Amino acid sequence: MDDDIQIDSDEDLFRNPVFYEPAGRNLDLDRPDLGVPQGQDLLNVLLRMRGRVPVEKRGLICPDCRDLRGRRVPMYLVQRDGVWRASHYRKPGEKPISHESDEHLARKERVAKDSEDHGFHADIESQTADGHARLDVRINGANGIVLGYEPQLSAQTARGMRARERFRRRGGIQSVWDFADPDHAGIGTVPYVRTPNLPASVIRVQKNPIAVQDGNFVLEEGQCSQNGALTRCPEKPYDPENPTDAGYCGGWHRVLMPAHQSSAFTGEGGLTLTRFIVEAAAGERIPFQRGGHHGWLPAQQWQQYLEANGPALDDKERQPSVRQGDRRDRCTEDRPASEERAEPKQRRGSRAIVLESRPRETEAARVPVDASGRAIPLCRFGCGQPASLPGPEGLPEHFSCRRKHEA
């Protein structure tokens, strides 16, 4: 391998597509023939070029840099865990290639400034200690907390989001993924917040509040009734055709509820992105994972969660491996969606996470008694009501029931 090459991080490697100019198509590094006709020996040809042919003349380029920036950026092949990946050609010390939108840049700059103003040092475009991931904003919080703020404005697959989150967690980073699309595949898949889709000019003005619309949860419990503590039954499926329907089962639930759907939410003085980031850096907001769904809880709510449910967080991770990455993911942060790569679109809006439920307790049937305290038997004709007077046969009955029976 050439000595003057800066290899992309593992996170960037698994996301990079590669275009082979002589064939006029992207290569599929998962296939022995690389997806090119008569391409069985192409990999060996490309590998023999290392150290003999300059990277610029090997015919491998980044299709995203070509399409989105109008630049020809050479690429070369790198092997990771027995799998070939494509890396951008850049010399040691050069910054990784980025195609970030102005809105993406504005969010990074805004959060970095707000964090600094509240006493937390922040760096834009910072590598994790192990070099496997690049943080949009690294915030050094209290008591050793390292927060990674990651605005994500482009379409991604859930699989890709999970892989990128693993790179950060392996580096000891507590991520805050910021989505503007309520249908984004990353919502709930990673620790997240959702904020409005605002223009860069609005975001850069620090006095403009950026509302947190989702991702912040609270713990609620109580009876599932019209007069109870819950606004609707968390186990009743949401009906998009009747969004205002509030159904109740009469039981008891303990749930993690999106704050904006909780009974205490008034719509006034809502949580802002600045306040959320500062409190997360201070340890006043804690990320959780329950049943495969991620979110954030205020520290006090987190303690209630632990007291009620114990420390188990259903947080088992698969063994990290770049082999699990989706090579067809583009290398850019803000890129057009690809129908070939995208997962089926589905609504991923807020939902309550049920921690515990108990059915409605049925009251013991009350046995009617007479003035002396003796139980009054039921009518012999099966109406289900007590009958205090005996009929001709000496059995308890109602006169009206006898007439119906005889008729």
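Here, every reference points to the structure presented above.
Residues numbered from 1 in each chain as written. Predicted model: local features only at pLDDT ≥ 70, side-chain atom pairs only at ≥ 80, totals over all residues. Heavy atoms only, no water.

Here we come to the state of the cysteines. The final tally for this structure, using the stated rule, is zero disulfides. No disulfide involves Cys 62; its sulfur sits 3.4 Å from the nearest other cysteine sulfur, which is in Cys 65. Residue classification places Cys 62 among the buried positions, given a relative accessible area of 0%. There is no disulfide at Cys 233, and the cysteine sulfur nearest it, in Cys 224, is 3.8 Å away. (Disulfide = S-S within 2.5 Å. Buried < 20%, exposed > 50% of the residue type's maximum accessible area, 1.4 Å probe, protein only.)

We now examine the sheet that holds strand β1 (residues 19–20). Reading across from one edge, β2-β1-β3 is the order of the three strands in this open sheet, with antiparallel pairing throughout. Two strands bound the open sheet, and with one partner strand each, they are β2 (25–26) and β3 (60–61). Pairing between β1 and β3: two bridges, direction antiparallel. Bridge assignment links Tyr 20 to a residue of β3, and that residue is Leu 60. (Pairing = 2+ DSSP bridges. Helix = DSSP H or I, 4+ residues; strand = E, 2+ residues; numbered from the N terminus.)

Turning our eyes to something else, we now look at the sheet that holds strand β12 (residues 252–258). If you walk across this open sheet you meet the three strands as β11-β12-β15, and the pairing is antiparallel. If you trace the sheet from one side to the other, it starts and ends with β11 (217–223) and β15 (353–358), each paired once. In this sheet, neighbouring strand axes are inclined to one another by 15 degrees on average, regardless of whether the strands run parallel or antiparallel. Direction of pairing for β12 relative to β15: antiparallel, over a ladder of five bridges. Across the sheet, residue Leu 256 finds its bridge partner in β15, namely Ile 353. Those strands touched by helix α8 (residues 299–309) are β11, β12 and β15, and its axis lies near 50 degrees from that of β11. (Axes fitted to C-alpha atoms, helices over the stretch in contact; angles between N-to-C directions. Contact = heavy atoms within 4.5 Å.)

Geometrically, a pair of aromatic rings is defined through the distance of the ring centres and the angle of the planes. Taken as a whole and assessed by the stated rule, the structure comprises three aromatic pairs. Residues Phe 217 and Phe 288 carry aromatic rings whose centres are separated by 5.4 Å and whose planes lie at 90 degrees to one another, so their mutual orientation is edge-to-face. With Phe 217 in strand β11 and Phe 288 in strand β13 (residues 285–290), this residue pair connects regions lying 71 residues apart in the sequence. The same class applies to Phe 217 as to Phe 288, namely buried. Stacked on the ring of Trp 252, the Lys or Arg Arg 358 has its end atom at 3.9 Å from the ring centre. (Phe/Tyr/Trp six-rings, centres within 6.5 Å; stacked < 30°, edge-to-face > 60°. Lys NZ or Arg CZ within 6 Å of the ring centre and 35° of its normal.)

Here we take up the environment of Arg 402. Among the secondary structure elements, Arg 402 is positioned in helix α9 (residues 399–406). Distance from Arg 402 to Phe 381, taken between C-alpha atoms, is 7.3 Å for residues 21 residues apart in sequence. Setting aside anything within four residues of it in sequence, one finds Arg 402 in contact with Arg 380, Phe 381, Pro 392, Glu 393 and Glu 397. Among the polar contacts listed, one links the side chain of Arg 402 to the side chain of Glu 393, at a separation of 2.6 Å. (Polar contact = N/O pair within 3.5 Å; in protein donor to acceptor, adjacent residues only side chain to side chain.)

Counting residues in hydrophobic clusters, the biggest one holds 23 residues, and the most contacted among them are Ile 139, Leu 147, Val 176, Leu 273, Phe 276 and Ile 277. Every element with two or more residues in this core is listed here: α4 (102–117), β7 (134–140), β8 (146–152), α6 (200–203) and α7 (273–281). Discounting residues that sit within four places of it in the chain, Ile 139 has contacts with Val 111, Ser 115, Phe 120, His 121, Ala 122, Ile 145, Val 146, Leu 147, Ile 277 and Ala 281. Core analysis: the second largest hydrophobic core is formed by 19 residues, Val 36, Leu 46, Cys 65 and Val 73 among them. (Core = buried A, V, L, I, M, F, W, Y, C linked by side-chain atoms within 4.5 Å.)

What follows concerns the side chain of Arg 194. Within the secondary structure, Arg 194 is located in strand β10 (residues 192–194). Buried and unpaired, Arg 194 has no salt bridge, with Asp 214 as the nearest side chain of opposite charge at 4.1 Å. (Lys, Arg positive; Asp, Glu negative; His and termini not counted. Salt bridge = Lys/Arg side-chain N within 4 Å of Asp/Glu carboxyl O.)

Okay, the packing of α4 against α7 next. Running from amino to carboxyl end, α4 crosses α7 at an angle of 55 degrees, the nearest separation of the two axes being 10 Å. Between α4 and α7, the angle is such that the two are oblique. For the crossing formed where α4 meets α7, the hand is right-handed. Packed against α4, whose contacting residues are Arg 110, Val 111, Asp 114 and Ser 115, the element α7 presents Leu 273, Thr 274 and Ile 277 at the interface. A breakdown of the residues in the contact of α4 with α7 according to their chemical character gives three nonpolar, two polar and two charged. (Parallel < 35°, antiparallel > 145°, perpendicular 65-115°, else oblique. Left-handed = near helix turned anticlockwise from the far one by under 90°. Nonpolar A, V, L, I, M, F, W, Y, C, P; charged D, E, K, R; others polar.)

Time to look at the pairing of β12. Within β12, seven of the seven residues are buried, leaving the element largely enclosed by the surrounding structure. Here β12 shows two buried faces, one formed by Trp 252, Arg 254, Leu 256 and Pro 258 and the other by His 253, Val 255 and Met 257. Inspection of the sheet shows β11 paired to β12 by seven bridges, in the antiparallel sense. Across the sheet, the residue bridging to Glu 220 is Val 255, located in β12.

Structural measurements only, silent on function.
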